[in-house]
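# Topology and contacts: notes
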Amino acid sequence: MKGFIKAICISVLMLGTQSEIQAQEPNKQEKVGFFKRAFNDMKESTRRQHEIDKANFKAHKLEAKANYQEQKAKNNRATRKAIEQREYEEQLQEAKARQEAAQKRIDEAKSNRY
């Protein structure tokens, strides 16, 4: 039994020194195999996709919060009235611009008659 324990101790010491020697050797450029490259590419791709998913999730969450806040603000009478007034003025300006464009076309058509 003592001989067996000695043999194991010696083999462990030899393995330790062997791994130390290998660790001290400069890293040689080993040829990277196909599967190792493929799995590394998949790992990087997954990492990038995870970052994109996190960013999209955060953007969606913030958009939902913004929609909620907008709807909440529209429930306030003064805010709703201001928004309606602004929309009314925009529509009125668009209609006037269309009227002016149509009048210009009419004037040009009249001036181009022979």
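Keep in mind that what you see is a predicted model, and the values were worked out from it rather than measured.

A cluster of nonpolar side chains, F34, F35, F39 and M42, forms an exposed patch at the surface whose accessible area comes to about 500 Å². Its location among the elements puts F34 in helix α2 (residues 34-74).

Once that is clear, we can look at the pattern of salt bridges. The full count for this structure, using the stated rule, is one salt bridge. A salt bridge links R47 to E44; its shortest N-O distance comes to 2.6 Å. Highlighted residues: R47 and E44, both in helix α2, separated by three residues, approximately one helical turn. For E44, a relative accessible area of 34% corresponds to the partly exposed category.

As for its placement among the helices and strands, R80 is situated in helix α3 (residues 77-111). Apart from the residues within four sequence positions on either side, R80 is in contact with K74 and N75.

Moving on to the packing of aromatic side chains. Overall, the coordinates contain one aromatic pair when judged by the stated rule. Measuring from centroid to centroid gives 5.3 Å for F34 and F35, while their planes differ by 75 degrees, and the two rings are edge-to-face. Classification of F34 as exposed rests on a relative accessible area of 56%. Residue class for F35 comes out exposed when judged on its relative accessible area of 59%.

Cut-offs and rules
Residues numbered from 1 in each chain as written. Predicted model: local features only at pLDDT ≥ 70, side-chain atom pairs only at ≥ 80, totals over all residues. Heavy atoms only, no water. Patch = residues over 30% accessible without salt bridge, like charges linked within 9 Å, V, L, I, M, F, W, Y side chains within 5 Å. Areas by Shrake-Rupley, 256 points an atom, 1.4 Å probe, with all protein chains shown as cover. Salt bridge = Lys/Arg side-chain N within 4 Å of Asp/Glu carboxyl O. Helix = DSSP H or I, 4+ residues; strand = E, 2+ residues; numbered from the N terminus. Buried < 20%, exposed > 50% of the residue type's maximum accessible area, 1.4 Å probe, protein only. Contact = heavy atoms within 4.5 Å. Phe/Tyr/Trp six-rings, centres within 6.5 Å; stacked < 30°, edge-to-face > 60°.

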